[in-house]
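Descriptive structure summary
Each chain, letter by letter, is given below.
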Amino acid sequence: MNPVLTTDRLVLRPVTAHDHAGLLAHWTEPEVRRFLFDGAVPTPAQVTAIIEDSARDFASAGYGLWLIRETDGLGPVGTVALRPLDDLGLEVVYSLDPGAQGRGYATEAARAVVEYALGPLGLPEVLAEVDEGNTASAAVAARLGMTPFAVVPGLLGPMIRYRRAR
Ligand SMILES: CC(C)(COP(=O)(O)OP(=O)(O)OC[C@H]1O[C@@H](n2cnc3c(N)ncnc32)[C@H](O)[C@@H]1OP(=O)(O)O)[C@@H](O)C(=O)NCCC(=O)NCCS
C-alpha cells in the first residue's frame, strides 16, 4: 500500500517530524483550530504527539495524517487524516489554510482518503464527526456521500456523526 495519494490537483503525503512548525502554524490559525481542537490552542507537544501517532499508525496500519499540497505548489495547504473515533472505526478529518478554502480542495483530498480507506485499506465504512455549527465541514461530508446517523454531545455543542459504507 502506497500511502502517498494523488488527485487531479493535489498530492497527499504522510506528515513527518520536519512538518512540525508548519503544522503548528496551520492549526493555531483561529478559524482553522476552532472546531478541530474544541476551541483550544494546540501546543507544540500536542503536535509532536499527533505526528508520532501518525507515523506509528502508517507503519502498522496504513493510515494517519496526510499533508495536502497542490500538484504544482510548494508548501502544504492543509491536512487530511484518518483516525479512530471511539471504538466505532476510523473518521476522516480535514483542514485547509484560509487562503486555500473555497476551491474544492478539502472535498477532493478527503474523497481520495475515503476511497483509499474503503479500497486498499479494506475498511467496511468511514466515519466523520462534525460540530453542528461547522457548516463548511458538514458540506464536505455531504459532498463525500456521507450520511448522518447520530448526534452526540461535544464541548462546543452537539456533534453530528456521519458514515459512508463501502
Ligand atoms: C472544513 C473546511 C476544510 C472546508 O473547506 P472548504 O474550502 O469550504 O471545502 P472545499 O475545499 O471542499 O471547497 C468547497 C467550496 O469550494 C467551491 N469550489 C470552487 N472551485 C471549485 C472546484 N474547482 N471544485 C470544487 N469546488 C470548488 C465550492 O463551490 C464550495 O464553495 P461553497 O462552500 O461556497 O459552496 C474548512 O472550512 C476548514 O479548514 N475549516 C477548519 C477546520 C475544520 O473545521 N475542519 C473540519 C473538522 S470536522
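The model shown is predicted, which means the values in this text are computed figures rather than measured ones. (Residues numbered from 1 in each chain as written. Predicted model: local features only at pLDDT ≥ 70, side-chain atom pairs only at ≥ 80, totals over all residues.)

1. Notes on the pairing of strand β3 (residues 65–70)
Taken together, the 5 bridges between strand β2 (residues 10–14) and β3 define a ladder with antiparallel strand orientation. Paired with Arg 13 across the bridge in β3 is Leu 67. The pairing of β3 with strand β4 (residues 76–85) spans 5 bridges and is antiparallel. What sits directly across from Leu 67, in β4, is Thr 79. Taking the residues between adjacent antiparallel strands as the criterion, β3 and β4 are bridged by 5 residues. (Pairing = 2+ DSSP bridges. Helix = DSSP H or I, 4+ residues; strand = E, 2+ residues; numbered from the N terminus.)

2. Looking at the UniProt feature "domain: N-acetyltransferase" (unreviewed entry) in the protein chain
In the numbering adopted here, UniProt assigns the feature "domain: N-acetyltransferase" (unreviewed entry) to residues 10–166. Secondary structure over residues 10–166 splits into 34% helix and 34% strand, and the C-alpha atoms at its two ends are 23 Å apart. (UniProt positions renumbered as here; feature names shortened; annotations may be inferred.)

3. Looking at the packing of helix α1 (residues 20–28) against helix α3 (residues 44–61)
Relative orientation of the contacting elements α1 and α3 amounts to 120°, with a least axis distance of 10 Å. Between α1 and α3, the angle is such that the two are oblique. You can see that α1 and α3 cross each other, and the crossing is right-handed. From α1, His 20, Leu 23, Leu 24 and Trp 27 reach across to α3, where they touch Pro 44, Val 47, Thr 48 and Ile 51. Each residue belonging to the contact of α1 with α3 can be placed in one class, and the counts come to 6 nonpolar, 2 polar and no charged. (Axes fitted to C-alpha atoms, helices over the stretch in contact; angles between N-to-C directions. Parallel < 35°, antiparallel > 145°, perpendicular 65-115°, else oblique. Left-handed = near helix turned anticlockwise from the far one by under 90°. Contact = placed C-beta atoms within 7 Å. Nonpolar A, V, L, I, M, F, W, Y, C, P; charged D, E, K, R; others polar.)

4. A word on the site of the ligand
Near the ligand, the surroundings consist of 20 residues, among which Gln 101, Gly 104, Ala 106, Thr 107 and Ala 136 are the closest. Breaking the shell around the ligand down by element, the ones donating at least two residues are β5 (89–96), α4 (105–118) and α5 (135–143). (Near = placed C-beta within 6 Å.)

5. A look at the nonpolar core
In terms of nonpolar packing, the biggest core is built from 40 residues, with Ile 68, Val 80, Val 92, Ala 109, Ala 110 and Val 113 touching the most fellow members. Per-element accounting of this core gives the leading share, 9 residues, to α4. Excluding residues within four positions of it along the chain, Ala 110 makes contact with Val 80, Val 92, Tyr 94, Val 140 and Leu 144. (Core = buried A, V, L, I, M, F, W, Y, C linked by C-beta atoms within 7 Å. Buried ≥ 20, exposed ≤ 12 C-beta atoms within 10 Å, placed from the backbone.)

6. What about the environment of Phe 58?
For Phe 58, the location among the structural elements is in helix α3. The spatial distance from the C-alpha of Phe 58 to the C-alpha of Val 15 is 9.9 Å, given a sequence separation of 43 residues. Dropping the residues within four chain positions of it, Phe 58 is found in contact with Pro 3, Pro 14, Tyr 63 and Gly 64.

7. Concerning α3
The end-to-end C-alpha distance of α3 is 25 Å, a good match for the 26 Å that 18 residues give at a rise of 1.5 Å each. Among the residues making up α3, those that are buried are Val 47, Ile 50, Ile 51 and Ser 54. Across the axial projection of α3, the buried residues extend over an arc of 95°, all falling on one side. Across from the buried face of α3, at angles greater than 90 degrees, the exposed residues are Ala 45, Ala 49, Glu 52, Arg 56, Ala 59 and Ser 60. Summarising the contacts, the buried residues of α3 are in contact with β2, α1 and β3. Following α3 by one or two positions, Gly 62 adopts a phi angle in the positive range, close to 85°. (Expected span 1.5 Å × (residues − 1). Arc of directions from axis to C-beta.)

8. Examining the environment of Arg 163
The topology assignment puts Arg 163 in strand β8 (residues 157–165). When the 19 C-beta atoms within 10 Å are taken as the criterion, Arg 163 is described as partly exposed. A C-alpha to C-alpha distance of 24 Å links Arg 163 and Arg 103, two positions 60 residues apart in sequence. Discounting chain neighbours no more than four positions away, the residues touching Arg 163 are Glu 125, Leu 127, Met 146, Thr 147 and Phe 149.

9. Overview of the environment of Ile 50
With respect to the element layout, Ile 50 can be found in helix α3. Separated by 30 residues in sequence, Ile 50 and His 20 have C-alpha atoms that sit 9.7 Å apart.

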